[in-house]
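Commentary on secondary and tertiary structure
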Amino acid sequence: MKNFMKNKILIAVLFSVITTATFAQEKTPTQDTTGFRYNFSQFWRETGHYFTTPLHWGGPDAIVIGSLAAGTAVAYALEAPAKDVIFSSRALYNGTLSKIGDFYGGLYTPFILFGGFGGYSLITGDMTSRKIAFELGQSCLYAGAITALLKYTIGRARPYANLGKASFFNFSLSNDAYHSFPSGHMTEAMALSTVLAFNAEPLWLKVLCYVPVPFTFFSRAYQGYHWVSDCVLGAGIGFFTAKWCEDAHGRVDDVPPKTGSLEVKSLFPLTVSMVIN
């Protein structure tokens, strides 16, 4: 387990280094269709803004936090019936779909997506792809940091430990069996999908971006790595972190749009068109 945790930390650090190296590349203002350079200085500045945001929370923020806490509490109370529902779908979530969900929320997916959009941006100078890569890196690093801090501080036992849902070993740094709350896979999956969805158009493409998320949810719960409440809180952290990143730069569905629309083709062979600001 110690080696597993070391690998997770090393991969997170590597992702941070790669993100930094990519953002450090400067672009001229004429290449920036959004008014942002998306470089490391901006990344560092916005990182400070993000982690000091709680100092400026108001009424609407309290409602969001309260709703997320309430949702997590409800999921905690319904762990047993939720588990019955999950395990009733054994055939569905013990095969390919479960593996897809597990991979999508895993440590390597951010590298793949960040590398795809960031690499395309470096080659072509396209700022739309750069924006997406920037926000993917931001959301995964910010949300991942919060999730990791909560995991190590709270120390909730994972389901496979067979200690019950109310077993906590606070400040457990080395034993991964006590890092259940919240779910890192769900945090990452929701952050990735939210960034992609907020940068996509039309509506059906936004919905498509979220398709892998339920598979991540069920696979983590089914495999005994997380309680349902872990997944609910992880999803909330991922979503609201990605939303913060998008709100900082402007979304394609802003009304009125902050900039003109730019149509780009998908980086993949599907050649799906997206309209992104």
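First things first, this report covers the structure right here in the doc.

Reading the values: the criteria
Residues numbered from 1 in each chain as written. Predicted model: local features only at pLDDT ≥ 70, side-chain atom pairs only at ≥ 80, totals over all residues. Heavy atoms only, no water. Helix = DSSP H or I, 4+ residues; strand = E, 2+ residues; numbered from the N terminus. Buried < 20%, exposed > 50% of the residue type's maximum accessible area, 1.4 Å probe, protein only. Polar contact = N/O pair within 3.5 Å; in protein donor to acceptor, adjacent residues only side chain to side chain. Contact = heavy atoms within 4.5 Å. Salt bridge = Lys/Arg side-chain N within 4 Å of Asp/Glu carboxyl O.

This part is about the side chain of His-226. Examined against the element boundaries, His-226 turns out to sit in the loop between α11 (212–222) and α12 (228–249). The exposure class of His-226 is buried, given its relative accessible area of 2%. A polar side-chain atom of His-226 sits 3.4 Å from a polar atom in the side chain of Arg-158. Polar side-chain contacts of His-226 include one of 2.7 Å to the backbone oxygen of Ser-180. Excluding anything up to four places from it in sequence, His-226 contacts Lys-151, Arg-158, Pro-159, His-179, Ser-180, Pro-182, Ser-183, Gly-184, Arg-220, Ala-221 and Cys-231.

Bringing the pattern of salt bridges into the picture now. A pair can form between side chains of opposite charge whenever their charged atoms are brought close. Inspection of every chain in the model, using the stated rule, returns seven salt bridges. Asp-176 serves as the salt-bridge partner of Arg-158, at 3.2 Å between the closest nitrogen and oxygen. Of this pair, Arg-158 sits in the loop between α8 (127–154) and α9 (184–198) while Asp-176 is found in the loop between α8 and α9, placing the two residues 18 residues apart along the sequence. Looking at Arg-158, the relative accessible area reads 3%, which means it is buried.

Along the chain, Ser-167 falls in the loop between α8 and α9. Looking at Ser-167, its side chain comes within polar contact range of the main-chain oxygen of Leu-163, at 2.4 Å.

Here we take up the environment of Ala-77. Take Ala-77: it is sitting in helix α3 (residues 59–77). On the basis of relative accessible area, Ala-77 is assigned to the exposed category, the value being 55%. Placed 88 residues apart in sequence, Ala-77 and Lys-165 show a C-alpha to C-alpha distance of 9.8 Å.

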